[in-house]
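Now for the letters of each chain:
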Amino acid sequence: MTREQDQAIAAKGRHIALAIAGTISLWVVLSLFIGPMLGLPGRYALLFDFAALAGMIYALVNIFQLWRMRRDSQR
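Nothing here was measured: the structure is a model prediction, and the numbers come from that model. The residue numbers shown here count from 1 along each chain, following its written sequence. With the structure being a predicted model, the display of local features is reserved for residues of pLDDT at least 70 and the display and counting of side-chain atom pairs for 80 or more, all residues being used for whole-chain, interface and lining totals. The side-chain figures draw on all heavy atoms in the structure; neither hydrogens nor water molecules are used.

Caption draft 1: Focus on a nonpolar patch on the surface. A patch is a set of surface residues, each over 30% in relative accessible area and not in a salt bridge, joined within 9 Å for like charges and within 5 Å for the nonpolar side chains Val, Leu, Ile, Met, Phe, Trp and Tyr. To measure how exposed things are, a 1.4 Å probe is used in the Shrake-Rupley method; for residues, cover is taken only from the protein chains shown. Salt bridges are defined as contacts in which a side-chain nitrogen from Lys or Arg sits within 4 Å of a carboxyl oxygen from Asp or Glu. A grouping of Val-29, Leu-32, Phe-33, Ile-34, Met-37, Leu-38, Leu-40, Tyr-44 and Leu-47 is seen on the molecular surface, where their side chains present a nonpolar patch of about 880 Å² in accessible area. The helix and strand labels rest on DSSP assignments: H or I over at least four residues marks a helix, E over at least two residues marks a strand, and numbering proceeds from the N terminus. Those elements that place two or more of their residues in the nonpolar patch are helix H1 (3-38) and helix H2 (42-73). In terms of residue count, the dominant contributor to the nonpolar patch is H1 (six residues). For Leu-40, the position within the fold is in the loop between H1 and H2.

In structure tokens, the structure reads:
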């Protein structure tokens, strides 16, 4: 593995970590605090859940890309 590949893999890993942490943090804040505080109906909670699911799918796709990057760099 070259230094550039190591840096690209590390950057991808940080990006994935931030995407997961940001998605879950935002979902918790919206679902538990902001939604009830504003008195939003339950359909908005479902909207927040689907948005969090989309964020997790995005992270999963990126994890697969990271796995392929690591596998290709070890060859």
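Caption draft 2: Structural context of the packing of aromatic side chains. Classification of ring pairs uses Phe, Tyr and Trp, with its six-membered ring standing for Trp, and accepts pairs whose centres are within 6.5 Å; under 30 degrees between planes counts as stacked, over 60 as edge-to-face, and the remaining range as tilted. Overall, the coordinates contain one aromatic pair when judged by the stated rule. Between Phe-64 and Trp-67, the ring centres sit 5.6 Å apart and the planes meet at 35°, which makes this aromatic pair tilted. With Phe-64 and Trp-67 both in helix H2 and three residues apart, the pair spans about one turn of that helix. Think of it as a cone above the ring: NZ of Lys or CZ of Arg counts as a charge over the ring if it is within 6 Å of the ring centre and within 35 degrees of the ring normal. Stacked on the ring of Trp-67, the Lys or Arg Arg-71 has its end atom at 4.8 Å from the ring centre.

The values reported here are purely geometric and, on their own, carry no functional implication.
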